[in-house]
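# Structural overview
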Amino acid sequence: MSDAELVLRSTRVITPEGTRAASVAVTDGRITAVLPHDAPVPENTRLEDLGDHVLLPGLVDTHVHVNDPGRTEWEGFWTATRAAAAGGITTLVDMPLNSLPPTTTVPHLRIKQQVAADKAHIDVGFWGGALPDNTKELRSLHEAGVFGFKAFLSPSGVDEFPHLERDPLARTMAEIAAFGGLLIVHAEDPNLLSSAPQRSGPKYADFLASRPRDAEDTAIAQLIREAKALNARVHVLHLSSSDALPMIAQARAEGVRITVETCPHYLTLTAEEVPDGASEFKCCPPIREAANQDLLWQALADGTIDCVVTDHSPSTADLKTDDFATAWGGISGLQLSLAAVWTEARRRGHGLEDVVRWMSTRTSELVGLDDRKGAIAVGRDADFAVLAPDETFTVDPVALQHRNHVTAYAGRTLHGVVKSTWLRGRRIVADGEFTEPKGRLLTRTS
């Protein structure tokens, strides 16, 4: 530890080997040693004694809609990354749509990177987009460092990002497989969506009926068939239908290269509790019933679901009307994801080690950042969240760092208060006070 610049000490440090009392040494933004709690600290080394607060690796959220540039009234890199930092997230990967232009060509990627460069409070990477007409752009985007490619199998909700029908999906998947890339997919079948009952109005039950589980299940089955035929690597986004879990487990057992995520809102909110007209709860696929939620938790526990990400998809308040058919679909939860998941996880008998695995370790692995992020281990970036896991707070939307103060978690009492967040050994937020932006732009290749 003789050359350490900083030592963070806690009686509860979450490491790959388990939770233990430890002193974590940091030099040049990297973890250089994980030592016993009482290891002597050199005279000129700064010591941060965290007491009994838990030191965990900064979370890695691989599904965030920042919407910048183009729809910055919905969100932006400044506000999104501050909200993330306040919630213990130290890395996010931005989705290619809802910004204008979408990240579907290298020039569009460069525009987004330029916008983000001086606004990022945390590290930021980027997904590319796969459209019916941009197959020829995918390899160059891959070489430019995007972490993979987002596609929709049903309409995305914005005209500039059309979905892939069966033949374009096969072409896209073949092209991405040829250079060893990753395709991430919003999997809902458009035919089953269009044939489902469509009723306008404030009743959540009507909206839920319009996005049936069969639409997810059928689309995921198609995705599995294509991935198996091409030996392609695919990832199912925001799984909400527990009915799809057996086929996913079977596909994986047969060697299909498929991974799966779900989201805090599917794990903590239920259809039975959504008030009519409360479109802050609207997302696609939808929040489903409590019995379905129980099966999602079981799949997290047994590893069928790999990770938990926010799918933070905000909008201005005026788009969240009381008509579920026309209101914007998206949950704002970036700042609250750790507390929301931890609150429910502890109730169900899971520990913080599980939460770290779902929200940091496995998300880092998904995007190939597991040599730098996702664990308190020698050689990793010194990205940390300091958590008081037993403290509670009641969600006040106005107190959130999100640009628009609309959240499905309003008024909920959650466990887990983030006391501070650290990026490469620098404290970037503590007790609501932020430093100037310190984040870096990440690429798959650097």
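Up top is the structure.
First, a word on scope: everything that follows refers to the structure included in this document. (Residues numbered from 1 in each chain as written. Predicted model: local features only at pLDDT ≥ 70, side-chain atom pairs only at ≥ 80, totals over all residues. Heavy atoms only, no water.)

Turning to helix α12 (residues 352–366), a few remarks are in order. For α12, which comprises 15 residues, the first-to-last C-alpha distance of 20 Å matches the rise-based estimate of 21 Å (1.5 Å per residue) to within 8%. Of all the bends in α12, the greatest measures close to 35° and is centred on Trp358. Every buried residue of α12 is accounted for by Leu352, Asp354, Val355, Val356, Trp358, Met359, Ser360, Thr363, Ser364 and Leu366. Positive backbone phi, approximately 75°, marks Gly368, located one or two places after α12. (Helix = DSSP H or I, 4+ residues; strand = E, 2+ residues; numbered from the N terminus. Expected span 1.5 Å × (residues − 1). Bend = angle between axes of the 7 residues up to and from the residue. Buried < 20%, exposed > 50% of the residue type's maximum accessible area, 1.4 Å probe, protein only.)

Moving on, we come to unusual backbone geometry. A cis amide bond, omega 5°, links Asp68 with the succeeding residue Pro69. Relative to the helices and strands, Pro69 is located in the loop between β6 (59–64) and α1 (77–86). Following Cys284, the chain continues into Pro285 via a peptide bond in cis, with omega recorded as -5°. Structurally, the position occupied by Pro285 is in the loop between α9 (264–268) and α10 (290–302). Residues other than glycine seldom take positive phi values, yet Asn231 does so here, at roughly 50°. Relative to the helices and strands, Asn231 is located in the loop between α7 (213–230) and β12 (233–236). When its relative accessible area of 49% is taken as the criterion, Asn231 is described as partly exposed. In the Ramachandran plot, Asp311 falls in the positive-phi region, its phi being about 50° despite a non-glycine side chain. In this fold, Asp311 is placed in the loop between β14 (307–308) and α11 (337–347).

Quick look at the environment of Glu272 now. In this fold, Glu272 is placed in the loop between α9 and α10. In this structure, the C-alpha to C-alpha distance between Glu272 and Ala205, residues 67 residues apart in sequence, is 8.8 Å. Among the polar contacts made by the side chain of Glu272, one reaches the main-chain amide nitrogen of Ala290 at a distance of 3.1 Å. (Polar contact = N/O pair within 3.5 Å; in protein donor to acceptor, adjacent residues only side chain to side chain.)

It is worth spelling out the pattern of salt bridges at this point. In this structure the tally under the stated criterion is 28 salt bridges. Across the pair Asp381 and Arg30 runs a salt bridge, and its minimum N-O distance is 2.8 Å. A residue pair is termed long-range when its members are at least 10 positions apart, and Asp381 in the loop between α12 and β15 (384–394) and Arg30 in strand β3 (residues 30–36) qualify at 351 residues. Of the residues examined, Arg30 reaches a relative accessible area of 36% and is grouped as partly exposed. (Salt bridge = Lys/Arg side-chain N within 4 Å of Asp/Glu carboxyl O.)

This part takes up the sheet that holds strand β8 (residues 123–126). If you walk across this open sheet you meet the 3 strands as β6-β7-β8, and the pairing is parallel. Here the strands that pair on one side only, and so sit at the sheet edges, are β6 and β8. Strand-to-strand twist in this sheet, taken as the mean axis angle between neighbours without regard to direction, amounts to 20°. With 4 bridges connecting them, strand β7 (residues 89–94) and β8 associate as parallel partners. (Pairing = 2+ DSSP bridges. Axes fitted to C-alpha atoms, helices over the stretch in contact; angles between N-to-C directions.)

Ordered in space as β9-β10-β11-β12-β13-β14, the 6 strands form an open sheet in which the pairing is parallel. Two strands bound the open sheet, and with one partner strand each, they are β9 (128–129) and β14. Of the pairings in the sheet, the one linking strand β10 (residues 149–152) to strand β11 (residues 182–186) comprises 4 bridges and is parallel in character. Pairing of Phe149 across the sheet is with Leu183, part of β11.

Below, the discussion takes up the packing of aromatic side chains. Note on aromatic pairs: each is described by the distance of the centres and the angle between the planes. The final tally for this structure, using the stated rule, is 8 aromatic pairs. Measuring from ring centre to ring centre gives 5.8 Å for Tyr204 and Phe207, while their planes differ by 55°; the resulting arrangement is tilted. In this pair, Tyr204 and Phe207 are both assigned in helix α6 (residues 204–210), 3 residues apart and thus about one turn of the helix distant. Here Tyr204 falls in the buried class, since its relative accessible area comes to 2%. In this structure Phe207 comes out as buried when scored by relative accessible area, which is 6%. With a centroid separation of 5.3 Å and an interplanar angle of 70°, the aromatic rings of Tyr204 and Phe324 are classed as edge-to-face. Placement of Tyr204 in helix α6 and of Phe324 in the loop between β14 and α11 is noted, with a sequence separation of 120 residues between them. Grouped by ring-pair contacts, the aromatic residues Tyr204, Phe207 and Phe324 constitute a single cluster. The ring of Trp74 has Arg71 sitting right over it, with the charged end atom 5.3 Å from the ring centre. Taking the ring centre of Phe434 as reference, the NZ or CZ of Arg82 above it sits at 4.0 Å. (Phe/Tyr/Trp six-rings, centres within 6.5 Å; stacked < 30°, edge-to-face > 60°. Lys NZ or Arg CZ within 6 Å of the ring centre and 35° of its normal.)

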